[in-house]
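Structural overview
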Amino acid sequence: MAKDAYLVGLIGSGIGPSLSPALHEREADRQGLRYVYRLIDIDTLGVPPGAVGDLLRSARDLGFDGLNITHPCKQLVIEHLDALSPQAEALGAVNTVVFDGGRALGHNTDVTGFAASFARGLPDAALERVVQLGAGGAGAAVAHAALTLGAERVTVVDAVPGRAAALAGSLNRRFGPGRAADAAPERLPALLADADGLVHATPIGMAAHPGLPLPAALLRPGLWVAEVVYRPLETELLRTARAAGCATLDGGGMAAFQAADAFRLFTGREPDAGRMLADIAPLAQALGARP
């Protein structure tokens, strides 16, 4: 039997501008639920990312129904969970934890969130050659989503040695040999010169990590650019890409659709994803999630 009161939260770094609390609480209000969404910021607490296990246990002991997990804890949290959904296990990254009878169950709604957003926002985008910048927790999710959407080949670039290769290997095992490759950052100019699109999945551009993740000169007309960062919605990458003539997709759609999927996992109730998507822009403005 579904409850009518829920306590959930978000663990991550620099999450003060997060739209998740308002997204979840607004949808809950419309469904007549008592729903409290708390931010658990490791920077504010002064603890390292490795403390995610202790925070998880504390939340469970305090009666939380579940947690969202974001950068930089999506992969670190896995060793502290009792079970993973098939999607989370395949990705090696978790963004949603549900507490069920004393057990902590890990899920990943980033894949479905990005796929739904991309299909809606860039429905006619060419997908033969996709370059992805970033191979962390979010990167694993969006690369899987891109291949699920029909990308012929995804080349993953990451500044951490070995991380791009590990993700490419995982993608090839799941989707078939040759569907993914890895490359060093110095190969970005050559890769983007021949690519259909760029997926950005690093923290650069977030409110806590402002900046541009690649040289502006690499952006050109005919290249689409999809952003994973959603706080702020208008990142420097998106502004620069549009100025260069690129079709763009902001991270708001992924945020809304993954939040809807997490809401369903936490409550067992069906959210109105379209309504949550419509909440993104006014919430971003009201909560100051723009630069």
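Quick summary incoming for the structure in this document. (Residues numbered from 1 in each chain as written. Predicted model: local features only at pLDDT ≥ 70, side-chain atom pairs only at ≥ 80, totals over all residues. Heavy atoms only, no water.)

What follows is about unusual backbone geometry. Omega for the bond connecting His71 with Pro72 falls within 30 degrees of zero, at 5 degrees, which places this linkage in the cis form. By the element assignment, Pro72 lies in the loop between strand S3 (66–69) and strand S4 (83–84). (Helix = DSSP H or I, 4+ residues; strand = E, 2+ residues; numbered from the N terminus.)

So, about helix H6 (residues 137–148). In this model H6 runs 17 Å from its N-terminal to its C-terminal C-alpha over twelve residues, within 8% of the 16 Å that 1.5 Å per residue would give. Most of H6 is tucked away: eleven of the twelve residues are buried. The complete set of buried residues in H6 reads Gly137, Ala138, Gly139, Ala140, Ala141, Val142, Ala143, His144, Ala145, Ala146 and Leu147. Two residues or fewer after H6 comes Gly150, characterised by a positive phi angle close to 115 degrees. (Expected span 1.5 Å × (residues − 1). Buried < 20%, exposed > 50% of the residue type's maximum accessible area, 1.4 Å probe, protein only.)

Another aspect to go through is the side chain of Asp279. Looking at the element boundaries, Asp279 is found in helix H11 (residues 273–286). A distance of 2.7 Å separates a polar atom in the side chain of Asp279 from a polar atom in the side chain of Arg30. Other than its neighbours up to four places away in sequence, Asp279 contacts Leu23, Arg26 and Arg30. (Polar contact = N/O pair within 3.5 Å; in protein donor to acceptor, adjacent residues only side chain to side chain. Contact = heavy atoms within 4.5 Å.)

This part takes up the pairing of strand S6 (residues 103–107). Burial of S6 is extensive: four of the five residues sit out of reach of the surface. Where S4 meets S6, two bridges bridge the pair, whose relative direction is parallel. Within S6, the position partnered with Leu84 by the bridge is Gly106. Inspection of the sheet shows strand S5 (residues 96–100) paired to S6 by five bridges, in the antiparallel sense. (Pairing = 2+ DSSP bridges.)

What follows is about the packing of helix H10 (residues 252–267) against H11. Interaxial distance between H10 and H11 falls to 9 Å at its minimum, and their mutual angle equals 140 degrees. In terms of orientation, H10 and H11 fall into the oblique class. For the element pair H10 and H11, the recorded crossing hand is right-handed. Contacts from Gly252, Gly253, Ala255, Ala256, Phe257, Ala259 and Ala260 of H10 reach H11 at Ala273, Met276, Leu277 and Ile280. For the contact of H10 with H11, the residue count by class is nine nonpolar, two polar and no charged. (Axes fitted to C-alpha atoms, helices over the stretch in contact; angles between N-to-C directions. Parallel < 35°, antiparallel > 145°, perpendicular 65-115°, else oblique. Left-handed = near helix turned anticlockwise from the far one by under 90°. Nonpolar A, V, L, I, M, F, W, Y, C, P; charged D, E, K, R; others polar.)

Moving on: the packing of helix H5 (residues 110–121) against H6. At their nearest, the axes of H5 and H6 sit 8 Å apart, and the two run at 50 degrees to each other. Between H5 and H6, the angle is such that the two are oblique. For H5 against H6, the interelement crossing comes out right-handed. On H6, the residues that touch Asp110, Val111, Phe114 and Ala115 of H5 are Ala141, Val142, His144 and Ala145. Residue composition of the contact of H5 with H6, by class: six nonpolar, one polar and one charged.

A separate point is the packing of aromatic side chains. When we look at a pair of aromatic rings, we describe it by the centre distance and by the angle of the planes. If you walk through the whole model with that rule in mind, you get four aromatic pairs. Where Tyr35 meets Phe263, the ring centres are 5.4 Å apart and the plane angle is 20 degrees; that geometry is what we call stacked. Here the residue Tyr35 occupies a position in strand S2 (residues 34–41), and Phe263 occupies one in helix H10, the gap between them amounting to 228 residues. For the pair Tyr35 and Phe263, one class covers both residues: buried. Put simply, the rings of Tyr6, Tyr35 and Phe263 pair up and form one aromatic cluster. (Phe/Tyr/Trp six-rings, centres within 6.5 Å; stacked < 30°, edge-to-face > 60°.)

Here H10 is 16 residues long and its end C-alpha atoms lie 22 Å apart, about the 22 Å a rise of 1.5 Å per residue gives. In terms of residue burial, H10 counts as a mostly covered element, since 14 of its 16 residues are buried. Once H10 finishes, Gly268 follows within two positions and takes phi at roughly 75 degrees, a positive value.

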